[in-house]
Amino acid sequence: KLVYNTFPFHKINENQKNLLQKYAYDILDEREKYTERTIDKLYNTQEMPIKLLNIHRSLDNDLEKMYNPKGFANDDKRLDCLFNSYSKLINKNKLI
């Protein structure tokens with residue numbers, strides 16, 4: 001599964017920051033309802049609570065739009081965008 005936390009993230013506006021913060025709190029609030037489960041059990045695809053899954057799907061969708069407002073046709077396009085962002089960041093910080 002593709003995750004975004006290991007890739008550079010461009011500047012976002014206050015509304016986007018607030019949206020991401022809301023998702024973070026919504027996820028934490030939903031996870032709090034299942035304190036008897038380990039993270040492994042909570043995120044097991046067979047056992048994941050549907051509301052938690054839906055919050056993550058919405059987060060993924062909105063986060064993807066922050067990288068590309070039109071979305072991506074497939075994972076290859078998504079990865080191209082992420083690696084290009086990373087490459088630009090690396091090249092920007094090189095000393096010549």
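Quick notes on the rules
Residues numbered from 1 in each chain as written. Predicted model: local features only at pLDDT ≥ 70, side-chain atom pairs only at ≥ 80, totals over all residues. Heavy atoms only, no water. Phe/Tyr/Trp six-rings, centres within 6.5 Å; stacked < 30°, edge-to-face > 60°. Helix = DSSP H or I, 4+ residues; strand = E, 2+ residues; numbered from the N terminus. Expected span 1.5 Å × (residues − 1). Buried < 20%, exposed > 50% of the residue type's maximum accessible area, 1.4 Å probe, protein only. Contact = heavy atoms within 4.5 Å. Lys, Arg positive; Asp, Glu negative; His and termini not counted. Salt bridge = Lys/Arg side-chain N within 4 Å of Asp/Glu carboxyl O. Polar contact = N/O pair within 3.5 Å; in protein donor to acceptor, adjacent residues only side chain to side chain. Core = buried A, V, L, I, M, F, W, Y, C linked by side-chain atoms within 4.5 Å.

## Overview of the packing of aromatic side chains
Turning to step 1, where the next piece is worked out: Counted by the stated rule, this structure contains one aromatic pair.
Turning to step 2, where the next piece is worked out: Ring centres of Phe9 and Tyr67 lie 5.3 Å apart, and the angle between their planes is 65°; this geometry places the pair in the edge-to-face category. Here the residue Phe9 occupies a position in the segment before helix H1 (14-32), and Tyr67 occupies one in helix H3 (residues 50-67), the gap between them amounting to 58 residues.

## Concerning H3
Turning to step 1, where the next piece is worked out: Taking 1.5 Å of rise per residue, 18 residues should cover 26 Å, and H3 covers 26 Å from first to last C-alpha, within 8% of that figure.
Turning to step 2, where the next piece is worked out: Every buried residue belonging to H3 is among Leu52, Ile55, His56, Leu59, Asp62, Leu63, Glu64, Met66 and Tyr67, and all of these are buried.
Turning to step 3, where the next piece is worked out: Lining the buried residues of H3 we find H1, helix H2 (39-42) and helix H4 (75-92).

## A few points about the side chain of Asp62
Turning to step 1, where the next piece is worked out: Assignment of secondary structure puts Asp62 in helix H3.
Turning to step 2, where the next piece is worked out: Comment: no salt bridge for buried Asp62; closest opposite-charge side chain is Lys65, at 4.4 Å.
Turning to step 3, where the next piece is worked out: A polar contact of 2.5 Å, which involves the side chain of Asp62, links it to the side chain of Tyr23.

## Things to note about the nonpolar core
Turning to step 1, where the next piece is worked out: By size, the foremost hydrophobic cluster in this structure holds eight residues: Phe7, Ile12, Leu63, Met66, Tyr67, Phe72, Cys81 and Leu82.
Turning to step 2, where the next piece is worked out: It is H3 that provides the largest number of residues to this core, a total of three residues.
Turning to step 3, where the next piece is worked out: If you look at the next biggest cluster of nonpolar residues, it comprises seven residues, including Tyr23, Leu42, Met48 and Leu52.

## Section: the pattern of salt bridges
Pairs can form between side chains of opposite charge whenever their charged atoms are close.
Turning to step 1, where the next piece is worked out: Tallying each qualifying case throughout the model produces seven salt bridges.
Turning to step 2, where the next piece is worked out: For the salt bridge of Asp26 with Lys22, the shortest nitrogen-to-oxygen distance reads 2.7 Å. Of this pair, Asp26 and Lys22 both sit in helix H1, four residues apart, which is roughly one turn of that helix.
Turning to step 3, where the next piece is worked out: Here Asp26 falls in the partly exposed class, since its relative accessible area comes to 24%.
Turning to step 4, where the next piece is worked out: Close ionic contact of Glu64 with Arg78 constitutes a salt bridge, the shortest N to O distance being 2.5 Å. In this pair, Glu64 is assigned in helix H3 and Arg78 in helix H4, connecting sequence segments 14 residues apart. Of the two residues examined, Glu64 and Arg78, each falls in the buried class.
Turning to step 5, where the next piece is worked out: Among the charged side chains, a salt-bridge network with shared partners connects Glu30, Lys33 and Lys51.

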